[in-house]
Amino acid sequence: MTEQNFHRFGGASRYVLDEELAKIVNVSMALEMPLLLKGEPGTGKTMLAHAIAESLEMPLIILNVKSSMKLVEALYQYDTLTRLNDSRFGDSSRDVSNISEYIRMGKIGQAFVADQRTVLLIDEIDKADSDFQDDMLDVLDQMQFDIMEIDRTVTARIRPVVIITSNAKKDLSDPFLGRCNFHHIAFPEPDIMRRIIAVHFPDLSNDLAQPAINAFYRLRQLEGVEKKPATRELLNWIRALQADPDFRTEALSDGVLPYLGVLFKKSSDLEKAGLVTAS
Amino acid sequence: MFVPFFYTLRDRGVAVTPTAFLRLQKALSLGLVASLDDFYIVARSILVKSERDFDTYDLVFAELFAGAEAYPAEGVVLDEVARALLEQWLKVPADLAKALGLSEKELRRLSAAELEQYLFDRLKDQKAVHYGGRKWIGSGGVSPIGHSGNRPGGMRIGGTSRARTASKVALERRYRDYSRTAPLTRSQMGEALKRLRHLKPAGPRDELSVEKTIYQTMRNAGEIEIVFDRRLLDRLKVLLLIDNGGWSMEPYVETVQALFHHARSQFKDLSIRYFHNTITDRVWRDPERRSKPETVEDLLRRDPETRLIFVGDASMAPEELLAVDGSIMLEYRQKQPSIERLKTLATTFRHAAWFNPVSSSLWKHGETIGIIRTIIPMFELNLAGLEKGVRHLTAR
């Protein structure tokens with residue numbers, strides 16, 4: 001779900017942070033520890049970081065972790081190319097002999113030098129290799145890092161609130177887990193799912209929504225499915241059902257489920273689902 | 001009051017570190033916890049680092065703080081009852097068959113998991129009779145039949161008896177490993193594949209990388225820096241030997257096969273052979289181990305750089321490994337004891353690894369596991385073990 005959808009979903013004034021989660025956030029802040037959020041894809045981990053930032057009224061800085069990412073990229077960047085260009089053409093206002101003019105802060109660096117307390121969201125940490133993860137927590141523990149090129153140490157002015165998300169797929173290392181507080185976001189219950197759908201399809205009639213949700217949760221129960229459909233798949237499915245002019249909502253209740261390919265992305269899963277609905 | 005909480009959690013297998021526990025104390029002293037509900041949430045987020053342990057945590061918490069019954073009659077205890085019963089009955093297959101109302105032949109076809117489920121369902125049906133059955137099991141006594149007895153399927157529990165709980169603990173552990181994510185499961189396939197991708201040889205760094213050289217030279221503002229990459233070597237040959245005999249291995253055989261088949265393209269050559277418990281004179285090309293034997297001598301003629309990978313629980317009666325005619329296949333006479341075969345294989349192929357689905361914490365209880373480990377390096381069949389094993393296999 002995108003940020004935009006989120007705003008529609010709650011908005012700062014109307015969105016009530018899950019009580020349990022609010023408590024965990026508070027404890028993590030008090031203990032000055034990063035909070036690790038885990039959960040299936042499509043359970044809104046990233047969204048919750050947005051909600052936290054909003055209810056705390058702090059700016060949100062997002063570090064989207066990529067598999068090839070090196071830690072230093074998240075901290076700062078030394079823009080050698082611009083410097084080379086400046087030294088060659090000399091038409092900028094920057095002082096070429098001053099390297100610090102070519103240092104740009106990465107996302108973690110930005111959070112450290114910000115004037116006010118920020119929420120630092122480190123999204124999908126499990127994509128990076130374990131060295132990245134451990135080194136990053138070192139930096140977050142000490143709240144400082146060195147810029148080698150100019151021999152300067154950047155120390156956090158105000159410790160940011162660190163939220164880390166991870167898809168449940170991969171286990172993180174024990175030292176990493178040891179330094180985080182942990183919360184697992186369960187897959188939304190059907191009634192919450194109804195609300196989520198209402199956010200995305202405000203005009204959707206209950207005649208379609210309820211049977212679709214029921215069918216969706218039934219399909220999630222299927223044995224031996226490798227990739228269970230998540231919220232994202234359900235939303236796309238409803239979109240597909242709406243788009244089909246021939247589709248009758250009564251069909252869902254009769255157990256006829258079209259467009260299963262939208263829900264199941266693996267051929268073996270699709271086969272299994274097909275068998276169930278056919279019988 | 002909190003110290004027992006800590007130890008109970010640890011006893012139940014939740015890996016709570018002392019640091020985490022001290023951190024909880026700190027949270028308490030900061031006045032962040034106002035009620036038991038708060039404590040429940042806060043302690044969980046600080047102490048428990050995996051959703052897999054949430055259930056255990058709930059149980060321990062309820063037991064120590066809410067004064068609830070330690071074992072709810074549903075779920076957990078029935079599971080344990082099922083396991084204990086199963087373990088005991090397995091020693092006398094005829095009894096088990098009778099108890100379940102199956103013939104011995106039918107029984108043999110059931111996998112361990114199926115069997116457990118079957119038993120579990122039965123127990124559930126009879127809840128009225130067996131309610132609170134733990135004690136009943138406990139006083140029932142454990143059948144003294146040893147672990148080298150003759151059982152179909154060969155679900156063996158290695159090691160000596162550890163008083164009342166021995167059998168129960170051992171079997172429980174192994175089953176928990178089946179059902180929980182500890183050893184390899186289908187859903188971890190993607191991750192496991194990533195580990196296997198490292199199973200490729202690394203040459204010396206002597207190939208000029210033009211791209212990286214340009215990049216580094218630019219970073220040095222024109223000062224030339226030459227970067228070398230590893231030379232590409234020919235891909236590896238892999239000989240995969242799978243123990244597919246017996247119930248204990250059944251859940252893994254398919255997963256391991258699928259895993260290596262997915263990775264097939266990355267190997268120069270992948271051959272899969274099957275054996276039962278340990279290597280005797282022959283291995284089989286067909287999973288049924290009937291029609292297509294291949295002698296160990298033939299295996300030995302392969303390229304010695306071939307990576308030799310065993311997958312098995314390495315658990316059997318010691319004589320099967322050590323004696324000349326220890327094989328449980330009575331119709332066949334061996335030429336050498338199995339242990340000699342393993343030694344020859346290990347010296348011929350210097351890159352060999354044994355992946356074992358049994359949790360390493362139990363290895364010391366299995367006599368044959370201990371012996372095999374000294375011959376062939378052993379790793380757990382889970383993601384961490386795969387990673388280590390692959391590192392071992394690619395080391396020079």
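Anything mentioned here points back to the structure above.
The structure reproduced in this document is the subject of the present report. (Residues numbered from 1 in each chain as written. Chains lettered and ligands numbered in written order. Predicted model: local features only at pLDDT ≥ 70, side-chain atom pairs only at ≥ 80, totals over all residues. Heavy atoms only, no water.)

**Digging into the interface of chain B and chain A**
Interface size is often expressed as the accessible area that is lost when the parts come together. Each partner contributes residues to the interface: chain B has 21 residues there, and chain A has 23 residues. For the pair chain B and chain A, the interface holds one salt bridge. With a closest N to O distance of 3.7 Å, B:Arg219 and A:Glu149 form a salt bridge. Contributing elements (two or more residues each) for the side of chain B that touches chain A: helix H2 (18-29), helix H3 (36-47) and helix H13 (210-219) of chain B. At six residues, the largest contribution of residues to the side of chain B that touches chain A is made by H3(B). (Contact = heavy atoms within 4.5 Å. Salt bridge = Lys/Arg side-chain N within 4 Å of Asp/Glu carboxyl O. Helix = DSSP H or I, 4+ residues; strand = E, 2+ residues; numbered from the N terminus.)

**As for helix H1 (residues 2-11) of chain B**
Residues and elements named next belong to chain B. For H1, every residue scored as buried is listed here: Phe5, Phe6, Thr8 and Leu9. For H1, the elements touching its buried residues are H2, H3 and helix H4 (54-64). One or two residues past the end of H1 sits glycine 13, with phi positive at roughly 95°. (Buried < 20%, exposed > 50% of the residue type's maximum accessible area, 1.4 Å probe, protein only.)

**As for the pattern of salt bridges**
Residue and element names in this part refer to chain B. In the structure shown here, the tally under the stated rule is 18 salt bridges over all chains. We note a salt bridge from arginine 341 to glutamate 297, for which the minimum N-O separation is 3.2 Å. Pair noted here: arginine 341 is in helix H17 (residues 338-348) and glutamate 297 is in helix H15 (residues 296-300), with a separation of 44 residues, a long-range link. On the accessibility criterion, arginine 341 (3% relative accessible area) is buried. Across the pair arginine 350 and glutamate 305 runs a salt bridge, and its minimum N-O distance is 3.2 Å. Highlighted residues: arginine 350 in the loop between H17 and strand E8 (352-356) and glutamate 305 in the loop between H15 and strand E7 (307-311), separated in sequence by 45 residues. Take arginine 350: its relative accessible area is 53%, and that puts it in the exposed class. Linked through salt bridges whose partners overlap, the residues forming this network are Arg273, Arg285, Glu294 and Arg302.

**Quick notes on the pairing of strand E2 (residues 60-64) of chain A**
Residue and element names in this part refer to chain A. By the alternation rule, side chains of E2 split into Ile61 and Leu63, which are all buried, and Leu60, Ile62 and Asn64, of which none is buried. Sheet topology note: the E2/strand E5 (residues 119-123) ladder contains five bridges and is parallel. Paired with leucine 60 across the bridge in E5 is valine 119. (Pairing = 2+ DSSP bridges.)

**Brief notes about the packing of aromatic side chains**
Applying the stated criterion across every chain, the model contains ten aromatic pairs over all chains. Ring geometry for B:Phe6 versus B:Tyr7: centroids 5.1 Å apart, planes at 75°, classification edge-to-face. The side chain of A:Arg88 reaches across the aromatic face of A:Phe89, ending 5.4 Å from its centre. (Phe/Tyr/Trp six-rings, centres within 6.5 Å; stacked < 30°, edge-to-face > 60°. Lys NZ or Arg CZ within 6 Å of the ring centre and 35° of its normal.)

**Some words on the sheet that holds strand E1 (residues 35-39) of chain A**
Within a beta sheet, neighbouring strands are joined by backbone hydrogen bonds and run either parallel or antiparallel to one another. Residues and elements named next belong to chain A. Taken in spatial order, the five strands make up an open sheet running E2-E5-E8-E1-E9, and their pairing is parallel. The open sheet terminates on both sides in strands that have one partner only, identified here as E2 and strand E9 (181-184). On average, each strand axis in the sheet is tilted by 20° relative to the strand beside it, whichever way the strands run. The strands touched by helix H4 (residues 45-56) within the sheet are E1, E2, E5 and strand E8 (161-167), with E8 carrying the most contacts at an inclination of about 165°. (Axes fitted to C-alpha atoms, helices over the stretch in contact; angles between N-to-C directions.)

**Digging into H4(A)**
Residue and element names in this part refer to chain A. Between its first and last C-alpha atoms H4 spans 17 Å; for twelve residues at 1.5 Å apiece the expected length is 16 Å, and the two agree. Among the residues making up H4, those that are buried are Lys45, Met47, Leu48, Ala49, His50, Ala51, Ile52 and Ala53. Within two residues after H4, glutamate 57 carries a phi angle of roughly 55°, on the positive side. (Expected span 1.5 Å × (residues − 1).)

**Details of the packing of H17(B) against helix H18 (residues 367-375) of chain B**
All names here are of chain B. The N-to-C vectors of H17 and H18 enclose an angle of 25°; their axes lie 9 Å apart at closest approach. Between H17 and H18, the interaxial angle falls into the category roughly parallel. Of the two possible hands of crossing, H17 and H18 adopt the one that is right-handed. When H17 is examined against H18, the residues Ile339, Leu342, Lys343 and Ala346 are found in contact with a partner set consisting of Ile371, Ile372 and Ile375. Classifying every residue of the contact of H17 with H18 gives six nonpolar, no polar and one charged. (Parallel < 35°, antiparallel > 145°, perpendicular 65-115°, else oblique. Left-handed = near helix turned anticlockwise from the far one by under 90°. Nonpolar A, V, L, I, M, F, W, Y, C, P; charged D, E, K, R; others polar.)

**Considering the nonpolar core**
Grouped together as the largest cluster of nonpolar side chains are 76 residues, with contacts concentrated most on A:Ile108, A:Ile122, A:Met136, A:Leu140, A:Ile164 and B:Leu47. If you tally residues by element for this core, the top one is H3(B), at seven residues. B:Leu47 has contacts with B:Phe5, B:Leu9, B:Val16, B:Ala20, B:Phe21 and B:Leu24, leaving out every residue within four places of it along the chain. Judged by nonpolar contacts, the second largest core, of 30 residues, contains A:Ile213, A:Leu234, A:Trp237 and A:Leu263. (Core = buried A, V, L, I, M, F, W, Y, C linked by side-chain atoms within 4.5 Å.)

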